[in-house]
Amino acid sequence: EFAVAPEALASDHSPDGLPGIILFRSFDSGNIRFEGPMDGPELATSLTTWIDAKRFPLIVKFTTDTAAKIFGGDTKVHILVFYEEGDEKLEAAMKESAQRHENELLFVSVAPDQERIYEFFDITKADLPQVRLVNMGDGSTAMRKYTFRGDVFSSNDYDNFIAAFKRGEIAPVLKSQKVPEKNDGPVKTVVGDNFNDIVLGDKDVLVEFYAPWCGHCKRLTPVWEELGEAFSSVESIVIAKMDATAN
């Protein structure tokens, strides 16, 4: 929420002078002041970028409430650390690296009780701790997952991993079901190994990314089949589906 404070109150929270913009936070270092220019055509853009970077703690806890904010925000690169909460040594390493990359990506802690995301990344409690880098893409590219290779207790190893990702030196992990032998129905089945052939070809493709356990997805199934039938005679359009938990 945005608010305008009277001068007397504003002076209490803006000792460096007025006007000032303060983001009130209950985590990490607490309230912080916007240090950018206070006027000019770029103010709205720079302020929006600043708020987006600072509205999360250095380590964001993954829950059903924060999931949409994490994966739907403007920050597209995330370091997901799957571990038992309370590991102070691991959390210290995460925080040190997160401080050095605060405006670039999000560090996200994922506890074992978040079963759905563990299933999505094919991680079990016996595998902990595990780290994945996720690049959500920019709309023209699909989400990519990368496996961390290093010491989860070393902030330098996180830094080196992030730097290697930026240089394009790490290949994404592509999970895939077997390519179906027969795939000529009204709704094409997309898996990891045929994604590029079907989705990134020369046709317009509408893909449903679903989870087999999702009630909303199950209710959409007959509608999606009907949509596929309706466009089956249109050569330039493909209606497809992909199990997002298995690919």
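Please read these numbers as outputs of a predicted model, since none were measured by experiment. As a convention, each chain's residues are numbered from 1 in the sequence order in which they are written. The model is predicted, so local features are restricted to residues of pLDDT at least 70 and side-chain atom pairs to those at 80 or more, both for listing and for counting; the totals for chains, interfaces and linings are taken over all residues. Excluding hydrogens and water, the side-chain figures rest on all heavy atoms present in the structure.

Draft legend 1. Quick peek at the pairing of strand 10 (residues 237-243). In terms of burial, strand 10 is largely enclosed, as five of its seven residues are buried. What makes two strands pair is DSSP finding at least two bridges between them. Runs of H or I in DSSP of at least four residues are treated as helices and runs of E of at least two as strands, each being numbered from the N terminus. In the sheet, strand 8 (residues 188-189) pairs with strand 10 via two bridges, with the strands oriented parallel. Within strand 10, the position partnered with T189 by the bridge is K241. Note: strand 9 (residues 204-210) against strand 10, seven bridges, orientation parallel. Each residue is assigned to one of three classes by its accessible area relative to the maximum for its type, calculated with a 1.4 Å probe on protein chains only: buried under 20%, partly exposed between the two thresholds, exposed over 50%.

Draft legend 2. Representation of the sheet that holds strand 9. Taken together, the three strands give an open sheet; going across it, the order is 8-10-9, and neighbouring strands pair in parallel fashion. Each end of this open sheet is capped by a strand with a single partner; those strands are strand 8 and strand 9.

Draft legend 3. How the structure looks around unusual backbone geometry. The omega torsion across L128 and P129 is -5°, close enough to zero to call that bond cis. The residue P129 is located in the loop between helix 5 (115-120) and strand 6 (130-135) in this model. A positive phi is found at D122, a non-glycine position, where the angle reads about 55°. Relative to the helices and strands, D122 resides in the loop between helix 5 and strand 6. Residue classification places D122 among the exposed residues on the basis of a relative accessible area of 54%.

Draft legend 4. Summary view of the packing of aromatic side chains. Centre distance within 6.5 Å is the pairing criterion for rings of Phe, Tyr and Trp, where only the six-membered ring of Trp is used; planes under 30 degrees apart are then read as stacked, over 60 as edge-to-face, and the remainder as tilted. Evaluated as defined, the whole model comprises nine aromatic pairs. Note on F107 and Y158: the rings are 5.7 Å apart at their centroids and 80° apart in plane angle, and the pair reads as edge-to-face. Here F107, found in strand 5 (residues 106-110), pairs with Y158, found in helix 6 (residues 155-166); they are 51 residues apart in sequence, far enough to count as distant. Taken as a pair, F107 and Y158 share a single burial class, namely buried. Cluster of aromatic residues (ring-pair linked, three or more members): F82, Y118, F120 and F121. In this structure, R116 packs its charged tip against the face of W213, placed 4.0 Å from the ring centre. In our convention, an over-ring charge means Lys NZ or Arg CZ found within 6 Å of a ring centre and within 35 degrees of that ring's normal.

Draft legend 5. Layout of the pattern of salt bridges. Salt bridges are defined by distance alone: a side-chain nitrogen of Lys or Arg within 4 Å of a carboxyl oxygen of Asp or Glu. Under the counting rule described, the total for this entry stands at seven salt bridges. Two residues, E119 and R116, come together in a salt bridge whose shortest N-O distance is 3.9 Å. Note that E119 and R116 are positioned in helix 5 at a spacing of three residues, about one turn of the helix.

Draft legend 6. The nonpolar core, seen in detail. Buried Ala, Val, Leu, Ile, Met, Phe, Trp, Tyr and Cys residues that are joined via side-chain atoms within 4.5 Å together make up what is termed a nonpolar core. If you look at the biggest cluster of nonpolar residues, it comprises 20 residues, and the most contacted ones within it are I79, V81, F107 and Y158. Among the elements of the structure, strand 4 (77-82), helix 4 (88-100), strand 6 and helix 6 are those that each provide at least two residues to this core. Throughout, a residue-residue contact means that at least one pair of heavy atoms, one from each residue, lies within 4.5 Å. Once you skip the residues sitting within four places of it in the chain, I79 turns out to touch L105, L106, F107, V108, V131, R132, L133, F161 and I162. By size, the runner-up hydrophobic cluster in this structure holds 16 residues, among which are F62, L106, V108 and F121.

Any functional reading would require information that these geometric values do not contain.
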